[in-house]
Amino acid sequence: MQNDNLKSYLHLHLIVFIWGFTAILGKLISLDALPLVWFRMLFAVGFIFVYIKFKKIPIAISKKTLLLFLIAGFIIAMHWFTFFKAIKVSNVSITLACLSTGAFFTSLLEPIFFGKKVVWYEVFFGLIVIFGLYIIFKVEGNYIYGMILALISAFLSASFAVINSYFVKKYNPTTISFYELAGGVLFLSIMLLFSGSFTVSFFKLSLSDFMYLLILSSICTAYAFIASTAVMKFISPYTVMLTINLEPIYGIILAVLIFKDNEKMSSEFYIGAAIILATVIINGILKSRSKAT
């Protein structure tokens, strides 16, 4: 059992590293944010469908549940769209620093959706996060549009997490993921269709873009989602939470190593980002301890 725990812990770090690499792929792919997300979700649906058939996972659901999954799919599609758009108009470091505020959006949304009590230390931490964002906004004013998009993406991510925390108690995670991603593809397809974007040139992908999209949709989306649920059989939620908070750190380090000068920011930016990330991690530690007592 201890050996399984160690393997699962190392596996979790690999998954979080893969999630951090998602932003790098978004920067490397030359497509604009909307077609990028459409191809990502379309390919991921295909990979998960093959997995469902291989594992013989039942996917029959009611029409009401299907509608709810499709709505959640719309939210995750818009989360990814604003995420990759933020990367395109700013850079990976700015986007990931702002995206790490999602935990605090979640703490605000949970009392609204589930009637949970407001945790006052989270409100205090939220003020610290705002201070960290203020430092970043102040010194990186030329990236304001990207920061706003990243914050919207963080809010949508928090909304999606809150909604999915309800779904996962009742339905198979793979089934949820299949219908949500399919819903995202459906919504984006309608947008692209009415905007006249479905042209011959739309489907002409360069070899590099196609390869990056395959990696993004298979490893960073389908595999990472399924694997992240499997490791939870052997690792405590506390450990999972702490490790996932390393995603922005991995992503920012990778961005500096790969893109070099394009990702090197001012010292004030890293101070602001460090304040946000440290606050998120401390908040997670306190929350996990409160649940254990």
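Here the structure is a predicted model, which means the values were calculated and not measured.

Colleague: Describe in detail the packing of helix H2 (residues 33-55) against helix H8 (residues 173-194), supporting the description with residues and values.
Modeller: Between H2 and H8, whose axes approach to 9 Å, the crossing angle comes to 145°. The two elements H2 and H8 meet at a crossing, and its hand is left-handed. Across the interface between the two elements, Leu34, Val37, Trp38, Met41, Leu42, Ala44, Val45, Ile48, Phe49, Tyr51 and Ile52 of H2 pack against Thr174, Ser177, Phe178, Glu180, Leu181, Ala182, Gly184, Val185, Leu188, Ser189, Met191 and Leu192 of H8. Here the residues of the contact of H2 with H8 sort into 18 nonpolar, four polar and one charged.

Colleague: Break down the side chain of serine 90 for me, with residues and values.
Modeller: In this structure, serine 90 sits in the loop between helix H3 (63-89) and helix H4 (92-99). A polar side-chain atom of serine 90 sits 2.5 Å from the main-chain carbonyl oxygen of alanine 86. When residues no more than four places from it in sequence are discounted, the contact partners of serine 90 are Lys27, Thr95, Tyr143 and Gly146.

Colleague: Got a sec to walk through the packing of aromatic side chains? Specific residues and values, please.
Modeller: What the rule picks out here adds up to 21 aromatic pairs. Judged by centre distance (5.7 Å) and plane angle (15°), the rings of phenylalanine 198 and phenylalanine 203 are stacked. Under the relative-accessibility criterion, phenylalanine 198 is labelled partly exposed at 28%. Judged by its relative accessible area of 46%, phenylalanine 203 is partly exposed. One aromatic cluster in this structure is built from Trp38, Phe39, Phe43, Phe198, Phe202, Phe203 and Phe210.

How each quantity is defined
Residues numbered from 1 in each chain as written. Predicted model: local features only at pLDDT ≥ 70, side-chain atom pairs only at ≥ 80, totals over all residues. Heavy atoms only, no water. Axes fitted to C-alpha atoms, helices over the stretch in contact; angles between N-to-C directions. Helix = DSSP H or I, 4+ residues; strand = E, 2+ residues; numbered from the N terminus. Left-handed = near helix turned anticlockwise from the far one by under 90°. Contact = heavy atoms within 4.5 Å. Nonpolar A, V, L, I, M, F, W, Y, C, P; charged D, E, K, R; others polar. Polar contact = N/O pair within 3.5 Å; in protein donor to acceptor, adjacent residues only side chain to side chain. Phe/Tyr/Trp six-rings, centres within 6.5 Å; stacked < 30°, edge-to-face > 60°. Buried < 20%, exposed > 50% of the residue type's maximum accessible area, 1.4 Å probe, protein only.

Any link to function would need more than the numbers given here.
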